[in-house]
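Report on the structure
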Amino acid sequence: MAFASIPAEADWERAPSLVDGAIELDLTAASCDLRYWLAAVPQGTLRGNVLGHADDVRPHPVMSEPGPLNSALTQELAFRSIAEEKATRAIAYLVALAPDNESLEFYSTQLLDEARHAMVFRSHLLQLGVERGELWQSVDRLAAADRDAVLVPLEEFGLRSLRDRGDFIGGVLILTVLVEGVLAPAAELSERKWRVFDPAAADIERGAGIDEIRHLTVGSSIVREHLLRNPEDRPRVLELLREGYRLWDRLPVEDMVLNREKLFQQGIEQHGELLGDYEVWPGRRLVDTTIEERMSTGQEWAQRMQRSRLAHMGLEEAI
């Protein structure tokens, strides 16, 4: 396919970072339909790399050794694989509830995106030393506690809107703002953190991030268009959002991230010479960063992105 026919936001080389793209771009279900996905994603984002990275892009050998780096990344990948699997199942309700063909086609493509993300996160565990025959047991061992503490309450909250009430807009809002909108900036930081230690994991995150730009911006546009057509529904949507934020505040997400960052910091102390002068963001060498600095940066990205998306939807007062 000719380079010019692939939209910049879906092209591996030209797509912005996840946070920048989610803030700056304005995509809709009409512009990101099935025709768009078939033309742009396999050729522009995946480029034939079914597992999210080229065959010759591999983790540094240190990543397969028992230790804090291996523990940090395997815990993250296992958790992300479960999160993406749960998102896939929830999006099936959005496909069934879609009020028009544009939304149906878009969420059909997002369902496939999320299922692929779950698959590539699981698959990369094999490159980090997990035995193929023990893959599913290892995912459960590595992430069951975080799954039950973080993902299950979010899933139950979302299913009350989708499965129990048949609330399409409520489901879009929960997925876009409370799930992907909060977790996506952590994926942006992860791509940057693992670029030297595990270029394959970083490429996997890069591809997933390109997809998430589309998911976040289209989901926001669907909510925005709904509220413009149905302003009387705004109080209900705001209360649902506030209820979701109250739930999120009770979840031990910060503890989960802190545990991984402590392991990553131990890895820097053991293998920091591999990082050299690599900058995790302009002007800041990764080897010099602290746990607190990385966590606060990720939180700042999340807050900035959420403020932008909520303002786009006309829901900025929810924060």
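Here, the structure is the one placed above.
On a predicted model such as this, the values are computed, not experimentally measured, just so you know. (Residues numbered from 1 in each chain as written. Predicted model: local features only at pLDDT ≥ 70, side-chain atom pairs only at ≥ 80, totals over all residues. Heavy atoms only, no water.)

Helix length check: helix H10 (residues 291–313) (23 residues) gives 33 Å between terminal C-alpha atoms against 33 Å at 1.5 Å per residue, within 8%. Positive backbone phi, at 80 degrees, marks Gly314, one or two positions downstream of H10. (Helix = DSSP H or I, 4+ residues; strand = E, 2+ residues; numbered from the N terminus. Expected span 1.5 Å × (residues − 1).)

Close contact between helix H3 (residues 68–97) and helix H9 (residues 253–271) brings their axes to 7 Å; oriented N to C, the two are set at 150 degrees. Considered as vectors, H3 and H9 are oriented roughly antiparallel to each other. Two packed elements cross with a definite hand, and for H3 against H9 that hand is left-handed. In contact with Pro68, Leu69, Ser71, Ala72, Gln75, Glu76 and Phe79 of H3, H9 contributes Met256, Asn259, Arg260, Leu263, Phe264, Gln266, Gly267, Gln270 and His271. Of the residues contributing to the contact of H3 with H9, the split by class is seven nonpolar, seven polar and two charged. (Axes fitted to C-alpha atoms, helices over the stretch in contact; angles between N-to-C directions. Parallel < 35°, antiparallel > 145°, perpendicular 65-115°, else oblique. Left-handed = near helix turned anticlockwise from the far one by under 90°. Contact = heavy atoms within 4.5 Å. Nonpolar A, V, L, I, M, F, W, Y, C, P; charged D, E, K, R; others polar.)

Positionally, Thr176 belongs in helix H6 (residues 168–193). According to the relative accessible area criterion, Thr176 is buried, its value standing at 4%. Within the local environment of Thr176, its side chain forms a polar contact with the backbone oxygen of Val172, the two atoms lying 2.8 Å apart. (Buried < 20%, exposed > 50% of the residue type's maximum accessible area, 1.4 Å probe, protein only. Polar contact = N/O pair within 3.5 Å; in protein donor to acceptor, adjacent residues only side chain to side chain.)

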